[in-house]
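One letter stands for each residue in the lines below.
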Amino acid sequence: MNELKHIAIIMDGNGRWAKKRGFSKRIKGHEEGAKRVREITIFASNYGVKFLTLYAFSTENWKRPKYEIDFLMKLMDIYLKNELKLFLENEVRFQTIGDISKLPKNLQDRIFYTKEKTSHFKGLTQVLAINYGSRDEIIRAFHKAKKSGVDLTQENMNDFLDTAGMPDVDMLIRTGGEQRLSNFLLWQSAYSELFFTKTLWPDFTVDELKQMIEKFNKIERRFGGVKNE
Ligand code: FPP
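Because the structure is predicted, anything quoted here is derived from the model rather than measured.

Undergrad: Summarise the packing of helix H2 (residues 27–47) against helix H3 (residues 66–90); cite the residues concerned and give the values.
TA: Closest axis-to-axis distance for the H2/H3 pair is 10 Å, and the angle between their directions is 25°. By the angle between their axes, H2 is roughly parallel relative to H3. The hand of the H2/H3 crossing is right-handed. Across the interface between the two elements, Ile-27, His-30, Glu-31, Ala-34, Val-37, Arg-38, Thr-41, Ile-42, Ser-45 and Asn-46 from H2 touch Tyr-67, Glu-68, Phe-71, Leu-72, Leu-75, Tyr-79, Glu-83, Leu-86 and Asn-90 from H3. Classifying every residue of the contact of H2 with H3 gives 10 nonpolar, five polar and four charged.

Undergrad: Before we move on, could you go through the sheet that holds strand S3 (residues 93–97) and cite the residues and values that matter?
TA: If you trace the six strands from one edge of the open sheet to the other, you get S3-S4-S2-S1-S5-S6, paired in parallel fashion. Of all strands in the sheet, those with a lone pairing partner are S3 and strand S6 (193–196), marking the two edges. In this sheet, adjacent strand axes meet at a mean angle of 20° when their direction is disregarded. Alignment of strand S1 (residues 6–10) against strand S5 (residues 171–174), held across four bridges, turns out to be parallel. Bridge pairing links Ile-9 to Ile-173 in S5. Relative to the sheet, helix H7 (residues 206–218) contacts S1, S5 and S6, its axis offset from that of S5 by approximately 140°.

Undergrad: Go over the site of the ligand with me, naming the residues and quoting the values.
TA: In the vicinity of the ligand there are 16 residues, among which Asp-12, Gly-15, Arg-16, Arg-26 and Arg-64 approach most closely. Contact distances for the ligand include 2.7 Å between an oxygen atom and a backbone N or O atom of Arg-16. Arg-26 has a polar side-chain atom sitting 2.7 Å from an oxygen atom of the ligand. Within the complex, 92% of the 620 Å² of free accessible area of the ligand lies under protein. When contributions to the shell around the ligand are tallied by element, the ones reaching two or more residues are helix H1 (14–20), H2 and H3. Looking at the shell around the ligand, the element that brings in the most residues is H1, giving three residues. In terms of residue class, the shell around the ligand is made up of seven nonpolar, five polar and four charged.

Cut-off values and rules
Residues numbered from 1 in each chain as written. Predicted model: local features only at pLDDT ≥ 70, side-chain atom pairs only at ≥ 80, totals over all residues. Heavy atoms only, no water. Axes fitted to C-alpha atoms, helices over the stretch in contact; angles between N-to-C directions. Helix = DSSP H or I, 4+ residues; strand = E, 2+ residues; numbered from the N terminus. Parallel < 35°, antiparallel > 145°, perpendicular 65-115°, else oblique. Left-handed = near helix turned anticlockwise from the far one by under 90°. Contact = heavy atoms within 4.5 Å. Nonpolar A, V, L, I, M, F, W, Y, C, P; charged D, E, K, R; others polar. Pairing = 2+ DSSP bridges. Near = heavy atom within 4 Å. Polar contact = N/O pair within 3.5 Å; in protein donor to acceptor, adjacent residues only side chain to side chain. Areas by Shrake-Rupley, 256 points an atom, 1.4 Å probe, with all protein chains shown as cover.

Next up, the structure:
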C-alpha cells in the first residue's frame, strides 16, 4: 500500500457529456458534474485521504462564452451553499487555490464564509482550484518570496505557493480522454502517479476511483531513488 494523502482531479468532459445526452447547452454537464464532486468528496473523506484538489475553473477558462462563465460562478456559489451541511457533517475543511480576488463578490464572500466555518476540521480538506493556473501561481510565489526577502529553494518553494501546508500530489487523475496537465499543479505533481480515463467527468464513479486506487497501491514509488532490494 502506498501512502495516499493527496488526490488531484482534472474534471474534464462536462460539455461532451451534455452533447452526448442531447442537451442543447454544455452547462448541463457542469451541473451534473457538481454532483460527482459531492460523491467523490464523501468517499475520499471516508477513505482517509487528507487533500482532494479539484480543478473547477482555470485561469484560461475566462476565454469561454460569458453565459458559461456566469453559470459556473453561480453553480459554485450554489454548490458551496448546499455543501456546507455535508462539510460540517463529515468534518471536511474547505480551501481554495487560485486568485479568487477576480471572482464575483458574492462568490468570494461565500468562499470566505465556508472556509471560516470549516477551518477547524482535521480530516479531509477539499480544495477547489478556482481562477487557478500553475504558471500564475508560480509567478505569484516568486513575487511573495521577493517581497519577504526570502531566497527560493526547492525546500521552501511550497511555503509561497497557494498549496502552502499541503503535501505533494500522490495521484493526479484526468477524466475526459485527454492526456495533458493543462497548467494544473505543475510544481506539486513532479512525482505524482498519473491516471487518465476516457470516462467523462459526469459519468465518473466512486467505483472507478477505487479501481485507480488499487492500481496506485501496486505501483512502486521510488521518487528518483532505486528499487528496494
Ligand atoms: C471541463 O469540462 C470542466 C470545467 C471547465 C469545469 C469543471 C466544473 C465542474 C465539474 C462543476 C462545478 C464544480 C463545482 C465544484 C461545483 P469541459 O467543459 O471542458 O468539457 P468538454 O471538454 O467536454 O468540453
